[in-house]
Amino acid sequence: MATATVDHATAFDAAVAADERIEPRDWMPDAYRATLVRQIAQHAHSEIIGMQPEANWITRAPSLRRKAILIAKVQDEAGHGLYLYSAAETLGTSRDELLDKLHTGRQKYSSIFNYPTLTWADVGAIGWLVDGAAITNQVPLCRCSYGPYARAMVRICKEESFHQRQGYESLLALSRGTPAQHAMAQDAVDRWWWPSLMMFGPPDDASAHSAQSMAWKIKRHSNDDLRQRFVDICVPQAESLGLTLPDPDLVWNESRGHHDFGPIDWTEFQQVLKGNGPCNEQRITQRRTAHDEGAWVREAAAAHAAKHRSSTSNGSDSSGSGSGSTSQGEESA
Ligand SMILES: [Fe+2]
Ligand SMILES: [Fe+2]
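It should be emphasised that the depicted structure is a prediction, and the values quoted were computed from it without experimental measurement. (Residues numbered from 1 in each chain as written. Chains lettered and ligands numbered in written order. Predicted model: local features only at pLDDT ≥ 70, side-chain atom pairs only at ≥ 80, totals over all residues. Heavy atoms only, no water.)

**So, the overall build of the chain**
From N to C terminus, the chain includes 14 helices and two strands. On C-alpha atoms alone, the chain measures out to a radius of gyration of 21 Å, which is about the 20 Å that the 2.2 N^0.38 rule sets for 333 residues. Dimensions of the chain, computed from C-alpha atoms along their principal axes, come out at roughly 65 × 50 × 30 Å. When burial is assessed residue by residue, the chain has 48% of its 333 residues classed as buried. Taking the intrachain contacts of the chain between residues at least 6 apart in sequence as the baseline, contacts between residues at least 24 apart amount to 78%. (Helix = DSSP H or I, 4+ residues; strand = E, 2+ residues; numbered from the N terminus. Rg over C-alpha atoms; globule rule 2.2 N^0.38 Å. Buried < 20%, exposed > 50% of the residue type's maximum accessible area, 1.4 Å probe, protein only. Contact = heavy atoms within 4.5 Å.)

**A short note on the side chain of K73**
Examined against the element boundaries, K73 turns out to sit in helix α4 (residues 64-89). The class of K73 is buried, set by a relative accessible area of 1%. Here E54 takes part through its side chain, which lies 2.4 Å from a polar atom of the side chain of K73. With residues near it in sequence (within four places) discarded, K73 still touches E54, I126, D131, H163 and Q166. (Polar contact = N/O pair within 3.5 Å; in protein donor to acceptor, adjacent residues only side chain to side chain.)

**Notes on the coordination of the iron ion (ligand 1)**
Here the iron ion (ligand 1) is held by E47 (OE), E77 (OE), H80 (ND1) and E160 (OE), and the distances to it run 2.0 to 2.2 Å. Given four donor atoms and angles of 86 to 142 degrees at the metal, the environment of the iron ion (ligand 1) is assigned as irregular. Counting gaps between the donor residues of the iron ion (ligand 1) yields the pattern E-x29-E-x2-H-x79-E. On the accessibility criterion, E160 (2% relative accessible area) is buried. (Donors = N, O, S within 2.8 Å, 3.2 Å for Na, K, Ca; no water. Tetrahedral: all angles 85-135°; square planar, octahedral: opposite > 155°, others 65-115°.)

**Quick word on helix α12 (residues 280-293)**
The end-to-end C-alpha separation of α12 is 20 Å, in line with the 20 Å expected for 14 residues at 1.5 Å each. For α12, every residue scored as buried is listed here: N280, R283, I284, R287, A290 and H291. For α12, the angular spread of the buried residues around the axis is 125 degrees, confining them to a single face. Looking at α12, the residues exposed on the side facing more than 90 degrees away from the buried face are E281 and D292. (Expected span 1.5 Å × (residues − 1). Arc of directions from axis to C-beta.)

**Comments concerning the packing of α4 against helix α7 (residues 147-175)**
Between α4 and α7, the least distance of the axes is 10 Å, while the angle of their chain directions is 160 degrees. It follows from the interaxial angle that α4 and α7 lie roughly antiparallel. In the packing of α4 onto α7, the handedness of the crossing is left-handed. (Axes fitted to C-alpha atoms, helices over the stretch in contact; angles between N-to-C directions. Parallel < 35°, antiparallel > 145°, perpendicular 65-115°, else oblique. Left-handed = near helix turned anticlockwise from the far one by under 90°.)

**With respect to the coordination of the iron ion (ligand 2)**
Binding of the iron ion (ligand 2) to the protein goes through E77 (OE), D131 (OD), E160 (OE) and H163 (ND1), at separations of 2.0 to 2.2 Å. For the iron ion (ligand 2), the four donor atoms are set out with angles of 86 to 157 degrees between them, so the coordination reads as irregular. Each donor residue of the iron ion (ligand 2) lies on the same chain, and together they follow the pattern E-x53-D-x28-E-x2-H. Here the iron ion (ligand 2) and the iron ion (ligand 1) are spaced 3.4 Å apart, and both take E77 as a donor. With E77 in helix α4 and E160 in helix α7, this pair connects stretches of sequence that are 83 residues apart. Each member of the pair, E77 as well as E160, carries the same accessibility label: buried.

**A look at the packing of aromatic side chains**
Tallying each qualifying case throughout the model produces eight aromatic pairs. Taken together, a centroid distance of 6.3 Å and an interplanar angle of 65 degrees make the contact between W57 and W120 edge-to-face. Taken together, the residues W57 in the loop between α3 (51-55) and α4 and W120 in the loop between α5 (95-103) and α6 (121-138) connect sequence positions 63 residues apart. Accessibility assignment for this pair places W57 and W120 in one class, buried. The aromatic ring of W57 is capped on one face by R60, whose charged end is 3.9 Å from the ring centroid. (Phe/Tyr/Trp six-rings, centres within 6.5 Å; stacked < 30°, edge-to-face > 60°. Lys NZ or Arg CZ within 6 Å of the ring centre and 35° of its normal.)

**Here's the deal with the layout of surface pockets**
If you add up the space inside the largest pocket, you get close to 1,200 Å³. In terms of lining residues, the largest pocket is bounded by 50 residues, among which Q42, N137, M199, F200 and G201 are the most central. When contributions to the lining of the largest pocket are tallied by element, the ones reaching two or more residues are α2 (30-49), α4, α6, α7, α8 (179-198), α9 (210-215), α10 (223-241) and α11 (266-276). For the lining of the largest pocket, the class distribution of residues is 21 nonpolar, 19 polar and 10 charged. (1 Å grid on protein atoms, 1.4 Å probe; cavity = no way out; pocket = protein on both sides within 12 Å on 5 of 7 lines; lining within 4 Å. Points joined across faces, edges and corners; volume = space filled by probe spheres on them. Nonpolar A, V, L, I, M, F, W, Y, C, P; charged D, E, K, R; others polar.)

**A closer look at empty space enclosed by the protein**
Within the structure shown, the criterion is met by one cavity of 30 Å³ or more. What the largest cavity holds in volume is close to 40 Å³. If one sorts the elements of the lining of the largest cavity by residue count, α4 sits on top with three residues.

Right under this line is the structure:
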């Protein structure tokens, strides 16, 4: 047994070193599997919880065009959740189990979604900054060593790119609008800037999982490197928008070839993470309610699948017989 494990481990290490993809049927270390389940689940949860702050504005979007864009975006996030739950299922965990862990607080979602969307400009700021930070984080995940996760990220990143652009375009319209609209856009950027920087996670020296994830090529860049990249991308974009980033220490550093920026309030981050953010309670309560109210959709889907199976009765078709399609219907509740 020991020899077999060593052989498997050698083959796994060689595949990772050669930048080959690890696929669901391949042997993998238990810790690699557990790390992926934790990360993909947290990512999936973030996608579906992230629908809430923006869905809050669908009925109040200022025009039919903005409403149509926002509905499409929120639907995209439901789709991202579905791809990611499916990717997690290839690791031997079920969607029901993951949702249960989310609903009982045993797994987390991105802290950014515990902040409220107070004005219409927040929808633009989320698109520009939150989806922008998500892309910066996720583009390198398209090269993640685990095949199903990497492939899911390719499509997700294309859609996130649309999200980022619609946010930018929406903020630009406000910034160039009336003084009140400009002020609303600036206020939204003031509130979303720092939480967006926190999305990259704790500093490298305080990040528990980073080093091992990078060795496994799940992660390709450190939290601080990605955060720096994001700041460098945002500074010229803020200038084009005619908006100010709320950081007096933000300045180009010629010798580093990057922007320096001020200290991040990690106490706030830890507080939100612990459940003490402005909307933690509301988000999880709404998620549980949506799940309960969507039970009939899951039951109907399962009944339909069972009927389809018995009517085709070819015997071998077990594909698509999972826990049923869940999220989309229930999210509209
Ligand atoms: Fe997304
Ligand atoms: Fe998005």
